[in-house]
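Fold and contact review
So you can see what is in the structure, the chains are spelled out below.
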Amino acid sequence: MEMKKAGLIVCAFAMLATLTGCKDAVADISNGSEKLVSVGDTTITKDKLYNLLKGSNGGSATIELVQNKIYEKEGIKLSEDMKKEAKKTLASTKKTFGGEEAFLNAIKSYGFNSEEEYLEKASYPSLLNKELLKKYAKDNQKTLFEKYHPVKANVIQIEKQENAEKALAALKKGDSAKTVAKKYGKTGTYDGSEKIYFSGSGLPDVVFSKITATSSKGLIKEVIEDTEGKTYYLVNLTNIDPSSFADEANDALVAGVSDLSNTMMEHYLKKYNFTIYDIDILNQIKSTNESYITQK
């Protein structure tokens, strides 16, 4: 296939979706009957190749193209530091797999033919998405803080109510949360150290509801029972104003909110009036990411 003609196919494929306008139709390309390749008595035209590409992975390819356009519009670029980070992670991953040969065999099973292809198609896009997430979280922190209510707190998890009451008394007396947790607490995540917690970060709903209902920092002076988990919690709120630790709160949300990437994509697709011009591609995307369909 001549590179110029192949480029025409790619350009047409990219126009299956755009960031302006609105139509409901099946997209086509100019000069669709033009021959690209002949093998014996078989001829492949621009139309045939275009529809083959569209049918095999049109939806995912379109989203990838749109993501790249969003990165461009939001000023997200692949930096040298990001490349270094990707290569550092790659070196560590190779060790995990037991060496370069084992790693290459593993990524080939996912369709990557080389380390460079893995970096270009997996590592770099992941880092670009992470940078966009950080920007989205910072630009929309007021809304996100209201939704997820991040706080800083010492949380202690205790198995028996009797011990929980003793631990609460110790906290009221002035003992440190870590000391109390070591003496009475259950070994694990909630060891009394100060951490950022938010809606969906893992605390039982009954515990986080008590946190959001508290209007001032300090010790919540009651044992909070999680009847489902059959455990007890003590909470000392050290900071309830996320704007005072905004960067840390944003980082915590980026790292810990599982659906934030989808929420971010929906935001930018609406912002840039994402419109699909081809009904087949629309249906493909709708079947996997219905929330991405923002057009009316």
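Scope of this entry: the structure provided in the associated data block. From a predicted model like this one, the values you see are computed outputs, not experimental measurements. (Residues numbered from 1 in each chain as written. Predicted model: local features only at pLDDT ≥ 70, side-chain atom pairs only at ≥ 80, totals over all residues. Heavy atoms only, no water.)

For the protein chain, the count of helices and strands is 12 helices and nine strands. Across the 296 residues in the protein chain, those meeting the buried criterion constitute 39%. For the protein chain, the share of sequence-separated contacts (at least 6 apart) that also reach a separation of at least 24 residues comes to 68%. Accessible area of the protein chain: about 17,200 Å², with a carbon and sulfur share of 48%. (Helix = DSSP H or I, 4+ residues; strand = E, 2+ residues; numbered from the N terminus. Buried < 20%, exposed > 50% of the residue type's maximum accessible area, 1.4 Å probe, protein only. Contact = heavy atoms within 4.5 Å. Areas by Shrake-Rupley, 256 points an atom, 1.4 Å probe, with all protein chains shown as cover.)

What follows deals with the side chain of D226. With respect to the helices and strands, D226 occurs in strand β7 (residues 224-226). In contact with D226, other than residues within four places in its own chain, are P204, V206, T231 and Y233.

Moving on to helix α3 (residues 80-97). Relative to the 26 Å expected for 18 residues at 1.5 Å per residue, α3 spans 26 Å between its end C-alpha atoms, a close match to the ideal helical length. Among all positions of α3, only M82, A86, L90, T93 and K94 are buried. The arc that holds every buried residue of α3, seen down its axis, measures 115°, which confines them to one face. Exposed residues pointing more than 90 degrees away from the buried face of α3 are listed as E80, D81, K84, K88 and K95. Elements that come into contact with the buried residues of α3 comprise α4 (100-108) and α5 (115-139). Immediately beyond the C-terminal end of α3, within one or two residues, lies G98, with a positive phi of roughly 95°. (Expected span 1.5 Å × (residues − 1). Arc of directions from axis to C-beta.)

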